[in-house]
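Coordinate inspection notes
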Amino acid sequence: FWANLFGRLIVEHLMARPSPCTEHRVRIAIDEVQVVAAALADIIGDVFARGRSKKVAACLASQSTVGLKTASPTFLTTILTNAPAKFVGRVAVADAELIARFIAPSAGVEEPVGRIRQRLFSQLVSLPDRRFVQIRPGERALFRTADVPVEAWYTAAERNSGALKVVDER
């Protein structure tokens, strides 16, 4: 309830700013966006359509497009058709199917749309760990996240265990 209420109030306030906006830029970042999808479904298209003139941008993250579609069918469609960039990691078959449906070929490509979508679908369900696909209009790029030195973190935790224990006790 609170996520829906605050999410809606914040977006409505930002979109009420005069256009073109002279105030600072705002990036709305929502993790697990399916929680607020139903509350924002009717205004998310406005964020993508008029948000740039109001210096508002959205960064939305979800682990499941199927979950988003369940929360609000229009929200997912709006995101997949209007977001200029999408970053996708390995996903379930149902999620890959939904994402691939919204991918159009680049201008001048003679390959059938079905084949392009099938190739993306195959790529999304078989991505190795820590690999992602960036999808932009007319282009796709594979990238890998940086390695995290977990062993160094454990070593630092052991070295600073006394200080960490004091913080835990406080």
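This section reports on the structure supplied with the text. As the structure is a computational prediction, the values presented were derived from the model and not from experiment. (Residues numbered from 1 in each chain as written. Predicted model: local features only at pLDDT ≥ 70, side-chain atom pairs only at ≥ 80, totals over all residues. Heavy atoms only, no water.)

**Points about the nonpolar core**
Ranked by internal contacts, the top residues of the largest apolar core, which has 23 residues, are Val11, Ile28, Leu40 and Phe75. Every element with two or more residues in this core is listed here: helix 1 (2–15), strand 1 (26–31), helix 2 (37–40), helix 3 (44–50) and helix 5 (73–82). Considering each element in turn, this core owes the most residues, 4 residues, to helix 5. Setting aside residues no more than four positions away along its own chain, Leu40 makes contact with Gly7, Arg8, Val11, Ile30 and Phe75. Val88, Ala100, Ile103 and Leu127 belong to the second-largest nonpolar core, a separate cluster that totals 12 residues. (Core = buried A, V, L, I, M, F, W, Y, C linked by side-chain atoms within 4.5 Å. Buried < 20%, exposed > 50% of the residue type's maximum accessible area, 1.4 Å probe, protein only. Helix = DSSP H or I, 4+ residues; strand = E, 2+ residues; numbered from the N terminus. Contact = heavy atoms within 4.5 Å.)

**Considerations on helix 7 (residues 113–125)**
For helix 7, which comprises 13 residues, the first-to-last C-alpha distance of 19 Å matches the rise-based estimate of 18 Å (1.5 Å per residue) to within 8%. Among the residues of helix 7, those classed as buried are Ile116, Leu120, Phe121 and Leu124. Seen end-on, helix 7 carries its buried residues on one side only, within an arc spanning 135°. Opposite the packed face of helix 7, turned more than 90 degrees from it, sit the exposed residues Gly114 and Arg115. (Expected span 1.5 Å × (residues − 1). Arc of directions from axis to C-beta.)

**Considering the sheet that holds strand 5 (residues 139–144)**
Two strands in a sheet stick together by hydrogen bonds in their backbones, pointing the same way (parallel) or opposite ways (antiparallel). Judged by pairing direction, the sheet is antiparallel, and its 3 strands sit side by side in the order 3-4-5 without closing on themselves. Of all the strands in the sheet, just strand 3 (86–88) and strand 5 have a single pairing partner and so form its edges. Put simply, the sheet's adjacent strands are angled 25° from each other on average, direction ignored. Sheet strands touched by helix 7: strand 3, strand 4 (131–136) and strand 5. Its angle to strand 5, the strand with the most contacts, is close to 10°. (Pairing = 2+ DSSP bridges. Axes fitted to C-alpha atoms, helices over the stretch in contact; angles between N-to-C directions.)

**Let's talk about the layout of surface pockets**
Reported here for the largest pocket is a volume of approximately 1,200 Å³. What lines the largest pocket is a set of 38 residues, and nearest its centre among them are Cys59, Leu60, Ala83, Ala85 and Lys86. Broken down by secondary-structure element, the contributors of at least two residues to the lining of the largest pocket are strand 1, helix 3, strand 2 (56–61), helix 4 (65–71), helix 5, strand 3, helix 6 (93–101) and strand 4. Of the residues forming the lining of the largest pocket, the biggest block, 6 residues, is contributed by strand 2. For the lining of the largest pocket, the per-class residue count stands at 22 nonpolar, 6 polar and 10 charged. For the second largest pocket, the calculated volume is near 340 Å³. Around the second largest pocket, the lining comprises 21 residues; the ones closest to its centre are Ile103, Ala104, Arg136, Pro137 and Gly138. Among the secondary structure elements, those contributing two or more residues to the lining of the second largest pocket are helix 5, helix 7, strand 4 and strand 5. (1 Å grid on protein atoms, 1.4 Å probe; cavity = no way out; pocket = protein on both sides within 12 Å on 5 of 7 lines; lining within 4 Å. Points joined across faces, edges and corners; volume = space filled by probe spheres on them. Nonpolar A, V, L, I, M, F, W, Y, C, P; charged D, E, K, R; others polar.)

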